[in-house]
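# Observations on chain architecture
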Amino acid sequence: MTNLDEMEYNGLLDLEGAELCGDLEERNPPISLPNQSSDGALLAVDIGGTLIKLVYFEGNEEVKSHGRATGGQLTFVKFQTSRLDECLEFIRSKRLLYGRGLDTGSTSMNVKIKATGGGAFKFADVFKEKLGVSLDKLDEMDTVVTGANFLLKKISNESFTCMHGKRTPVVVNQQNLFPYLLVNIGSGVSMIKVMGNRKFERVTGTHIGGGTMFGLAKLLTGCTRYDDFLQLSQQGDNLVLDLIVKDICGELVCQKQGLSASTLASSFGKVLSSRRKLSDYKAEDLATTLLSAFTYNIAQVSFLVASLLRLKRVYFGGSYIRGHASTMDNISYAIDFWSKGQMHAIFLRHEGFLGALGALLSNLNLKNDDMIFEDSKESEFNNDSSYADGGKLTTELSEDSVFPYLLVNIGSGVSMIEVIGKGKFERIIGTHLGGGTILGLARLLTGYDDFLDLSQRGDNLTVDLTVGDIYGEHGYPKIGLPATTTASSFGKVTSNKLSDYRAEDFAAALLNAFTYNIGQISYFVAKLSGLKRIFFRGTYICGHAKTMDKISRALKYWSKGEVQTTFLCHEGFMGTLGAFWSYENMGIHDLAANDFIKEVLLSAPYMIGKAQKNESSLEEEVKRLSQNNVELRAELERLKQENIELKSALSKLQINNKSL
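Residues numbered from 1 in each chain as written. Predicted model: local features only at pLDDT ≥ 70, side-chain atom pairs only at ≥ 80, totals over all residues. Heavy atoms only, no water.

### What to know about the overall build of the protein
Across its full length, the protein holds 20 helices and 27 strands. The burial tally for the protein puts 53% of its 660 residues in the buried class. Sequence separation of at least 24 residues holds for 73% of the intrachain contacts in the protein that already meet a minimum separation of 6. Working note: accessible area of the protein is about 30,100 Å², and carbon and sulfur atoms make up 49% of it. (Helix = DSSP H or I, 4+ residues; strand = E, 2+ residues; numbered from the N terminus. Buried < 20%, exposed > 50% of the residue type's maximum accessible area, 1.4 Å probe, protein only. Contact = heavy atoms within 4.5 Å. Areas by Shrake-Rupley, 256 points an atom, 1.4 Å probe, with all protein chains shown as cover.)

### Description of the pattern of salt bridges
Within the structure shown, the criterion is met by 18 salt bridges. Notably, a salt bridge pairs Asp 46 with Lys 53, separated by 3.9 Å at the nearest N-O pair. Between Asp 136 and Lys 114 there is a salt bridge, with its nearest N and O atoms 2.6 Å apart. Taken together, the positions of Asp 136 in strand β9 (residues 134-137) and Lys 114 in strand β8 (residues 112-116) put the pair 22 residues apart, joining distant regions of the chain. The exposure class assigned to Asp 136 is partly exposed, which follows from its relative accessible area of 23%. (Salt bridge = Lys/Arg side-chain N within 4 Å of Asp/Glu carboxyl O.)

### Some details on the packing of aromatic side chains
Inspection of every chain in the model, using the stated rule, returns 21 aromatic pairs. Residues Tyr 557 and Trp 558 carry aromatic rings whose centres are separated by 5.3 Å and whose planes lie at 85° to one another, so their mutual orientation is edge-to-face. Counting every residue linked through ring pairs, the aromatic cluster contains Phe 214, Tyr 226, Phe 229 and Tyr 320. Lying over the aromatic face of Phe 214, Lys 218 brings its terminal NZ or CZ to 4.4 Å of the ring centre. (Phe/Tyr/Trp six-rings, centres within 6.5 Å; stacked < 30°, edge-to-face > 60°. Lys NZ or Arg CZ within 6 Å of the ring centre and 35° of its normal.)

### Observations regarding the packing of helix α6 (residues 226-233) against helix α10 (residues 283-308)
Any two packed helices are characterised by how steeply their axes cross, that is the angle between the axes, and by the distance between the axes. Taken N-terminus to C-terminus, the directions of α6 and α10 make an angle of 100°; their axes are 7 Å apart at the nearest point. The pairing of α6 with α10 is recorded here as roughly perpendicular in orientation. Residue-level inspection shows Phe 229, Leu 230, Leu 232 and Ser 233 of α6 in contact with α10, the latter providing Ala 283, Glu 284, Ala 287, Thr 288, Leu 290 and Leu 291. (Axes fitted to C-alpha atoms, helices over the stretch in contact; angles between N-to-C directions. Parallel < 35°, antiparallel > 145°, perpendicular 65-115°, else oblique.)

### Structural notes on the pairing of strand β4 (residues 51-59)
Burial analysis of β4 places seven of its nine residues in the buried class, the great majority of the element. Sheet topology places strand β3 (residues 43-47) next to β4; five bridges connect them, and they run antiparallel. Looking at β4, one finds that Val 45 is bridged to Leu 54. (Pairing = 2+ DSSP bridges.)

### Quick look at the side chain of Thr 75
Inspection of the secondary structure assignment puts Thr 75 in strand β7 (residues 72-80). One polar contact links Thr 75 to Glu 58, side chain to side chain, over a distance of 3.0 Å. When neighbours within four sequence positions are excluded, Thr 75 is seen to be in contact with Leu 54, Val 55, Tyr 56 and Glu 58. (Polar contact = N/O pair within 3.5 Å; in protein donor to acceptor, adjacent residues only side chain to side chain.)

### A few points about the environment of Gly 188
Structurally, the position occupied by Gly 188 is in the loop between β12 (180-185) and β13 (189-196). Overall, Gly 188 belongs to the buried group, its relative accessible area being 18%. Measuring from C-alpha to C-alpha, the distance between Gly 188 and Ser 489 comes to 7.9 Å, with 301 residues separating the pair along the chain. Not counting chain neighbours up to four residues away, the residues in contact with Gly 188 comprise Thr 206, Gly 209, Ala 487 and Ser 488.

### Section: helix α11 (residues 325-339)
In this model, α11 (15 residues) spans 21 Å end to end at C-alpha, consistent with the 21 Å of a helix rising 1.5 Å per residue. Burial analysis of α11 places eleven of its 15 residues in the buried class, the great majority of the element. Backbone geometry just after α11 places Lys 340 at a positive phi near 55°. (Expected span 1.5 Å × (residues − 1).)

### A closer look at the sheet that holds strand β1 (residues 19-20)
Across the sheet, which stays open at both edges, the seven strands sit in the order β1-β2-β7-β4-β3-β8-β9 with mixed pairing between neighbours. One side of each edge strand has no neighbouring strand; the edge strands of this open sheet are β1 and β9. Across two bridges, strand β2 (residues 31-32) lies against β7 in antiparallel orientation. Bridge pairing links Ser 32 to Gln 73 in β7. Contacts between helix α3 (residues 124-131) and the sheet are confined to β3, β8 and β9, with β9 contributing the most and set at about 145° to the helix.

### What about the sheet that holds strand β24 (residues 533-537)?
Pairing is mixed across the open sheet formed by five strands, whose spatial order is β21-β20-β19-β24-β25. The open sheet has two edge strands, β21 (424-431) and β25 (564-567), and neither has a second partner. For this sheet the average axis-to-axis angle between neighbouring strands, irrespective of direction, equals 25°. As paired elements, strand β20 (residues 414-421) and β21 share seven bridges and run antiparallel to each other. Pairing of Val 414 across the sheet is with Thr 431, part of β21. In the packing of helix α17 (residues 545-559) onto the sheet, contacts are made with β19 (405-410), β24 and β25, and the angle to β25 comes to roughly 165°.

### Focus: α17
In this model α17 runs 21 Å from its N-terminal to its C-terminal C-alpha over 15 residues, within 8% of the 21 Å that 1.5 Å per residue would give. What α17 keeps buried is the set Thr 547, Lys 550, Ile 551, Ala 554, Leu 555, Trp 558 and Ser 559. Along the axis of α17, the buried positions cluster into a sector of 145°, meaning they face one direction only. Residues of α17 that are exposed and point more than 90 degrees away from the buried face comprise Ala 545 and Arg 553. (Arc of directions from axis to C-beta.)

### Examining the nonpolar core
Judged by nonpolar contacts, the single largest core of 97 residues is most densely connected at Leu 181, Phe 229, Phe 316, Phe 490 and Phe 536. It is α10 that contributes the most residues to this core, 15 residues altogether. Formed by 45 residues, the second largest nonpolar core is a distinct cluster that contains Leu 15, Ile 31, Val 145 and Tyr 471. (Core = buried A, V, L, I, M, F, W, Y, C linked by side-chain atoms within 4.5 Å.)

### Details of the packing of helix α16 (residues 503-529) against α17
α17 packs onto α16 with a crossing angle of 45° between their chain directions and a minimal axis gap of 8 Å. On the basis of the axis angle, α16 is oblique to α17. Where α16 crosses over α17, the two elements pack in a sense that is right-handed. Packed against α16, whose contacting residues are Leu 511, Asn 512, Thr 515, Tyr 516, Gly 519, Gln 520 and Tyr 523, the element α17 presents Lys 546, Thr 547, Lys 550, Ile 551, Arg 553, Ala 554, Leu 555, Trp 558 and Ser 559 at the interface. Looking at the contact of α16 with α17 residue by residue, the class counts come to seven nonpolar, six polar and three charged. (Left-handed = near helix turned anticlockwise from the far one by under 90°. Nonpolar A, V, L, I, M, F, W, Y, C, P; charged D, E, K, R; others polar.)

If you want it as structure tokens, here you go:
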């Protein structure tokens with residue numbers, strides 16, 4: 001029998017001939033390694049906040065080469081992180097720590113397991129105590145990129161597109177693989193520009209990810225497993241809670257403006273007007289609404305980042321995709337929508353195992369393969385700059401200097417308009433996660449209407465997952481993320497009982513999540529359009545100090561002070577002011593209703609709800625609009641007459657003044 005003292009635990013991987021095997025339609029199919037020695041033990045783990053992912057090699061006994069067993073397959077298994085003991089027992093029972101025929105009773109060898117993810121630090125002592133093994137900790141970004149590159153370079157039929165539930169394999173051109181954007185959806189979302197086997201940068205991320213969806217799903221639907229939430233989302237109708245464009249302006253006006261009536265305007269936007277309580281909504285409708293809200297947002301941020309980096313290929317990975325058809329459909333449709341068909345979302349069969357697979361690949365014989373690690377770094381879209389006078393703008397705005405600028409209108413949703421001069425503007429993009437989303441979710445979670453006051457008294461850290469919660473007090477210094485950085489909004493939620501949390505903490509977390517998201521998207525849009533000045537307006541700002549502070553902080557963080565952030569004193573009355581100033585010299589020229597509609601309406605992808613869409617027939621809608629038109633014309637005539645009378649009175653006053 002082989003002596004463990006003389007045996008090196010980790011063998012070297014031989015990837016020659018690697019291919020998918022078994023049923024290719026199943027989740028995470030095994031990968032055959034026909035030339036791999038079966039004598040050594042190969043195991044790697046990725047320990048995340050929600051899941052533990054294992055990749056290990058199962059040898060094939062009957063195939064011999066020069067008297068040694070060769071061939072076998074890589075197998076992929078996952079466990080709930082909360083059930084760590086089950087994972088440890090699986091490793092023990094499958095004898096994954098030792099090679100074929102070795103004596104597991106000896107403890108003289110210092111066995112190490114390749115490990116990545118925040119839990120590799122958090123649970124290292126548990127592995128040592130219960131399995132007698134050490135964790136060889138590897139950087140998470142390194143392993144995720146290495147795993148993705150391996151799958152794209154070595155495994156045929158690994159990648160695919162998904163539209164309307166149909167998967168279409170993507171043939172990867174090995175000569176044109178790089179660069180690409182890798183969007184890894186975990187509890188939060190990391191976006192990595194991959195430029196080669198040994199060169200990549202984490203360019204940005206968003207705290208609104210899988211942890212946000214699942215955290216809110218626990219609270220709103222009572223789900224305790226993410227897979228249950230996904231299944232529930234297949235049965236719901238988002239139009240019960242979501243506000244769409246037709247709800248704002250009617251179907252005929254939508255058609256006239258070239259807008260889709262089914263365009264999503266504000267996720268959870270109907271909650272405010274309905275006055276229904278959480279218990280009045282079906283769990284499946286809430287689940288469907290949550291899934292669409294956050295998958296669209298992830299896709300939008302991904303599109304903006306890819307556009308900034310001039311990348312056409314966007315690959316999506318991460319354990320929160322789960323091969324789920326609706327998740328992939330939403331992301332694909334949104335990417336196609338915003339890019340006007342110029343960009344495609346590409347998915348991976350082993351999307352949740354990139355980190356674990358990359359950790360396993362650290363066993364490669366580096367002399368025979370080029371898949372080796374390289375240090376990552378945080379990339380910025382611009383050079384450092386700063387505000388004068390501690391962040392306050394010192395330049396007064398004049399009519400000549402104000403244009404061009406980005407106007408961000410925060411209503412139920414958010415609309416972003418490039419203004420280049422008087423009466424010259426173009427709506428660029430919008431987001432469905434706006435004031436309606438914040439207050440709609442606040443109504444469901446807290447039952448209170450005084451949201452802003454409530455948020456002032458709350459602590460978001462009771463429900464938000466920080467970088468420090470994952471990596472410890474030093475944060476993630478390799479890519480410049482301090483421990484206090486929010487990694488996943490609502491990612492710390494463990495209970496599905498609202499009563500276990502304070503309403504004010506929910507309010508603080510909602511304000512934190514969505515104001516930072518609006519700030520991030522606003523910066524990306526301004527950067528793409530070459531604009532360095534952003535004005536914020538809208539009734540949902542309400543002159544609230546904390547709201548403005550968080551938006552300002554977000555802009556300053558992502559732009560490094562490059563973009564000027566300005567709030568308007570009458571932010572909630574800009575539409576009314578615009579109508580007022582259309583009375584040119586007290587003469588009514590045009591109420592500019594069409595331009596106003598173009599300015600305030602939002603833009604997000606389609607909605608798939610099944611609710612009754614027509615509350616009145618087309619004929620009734622025509623009659624209603626015709627009557628409105630008659631009333632408006634009458635009002636116009638009245639105002640014209642009033643204008644004539646005012647001018648006459650003004651003339652008399654001028655004559656009297658002259659006579660005096």
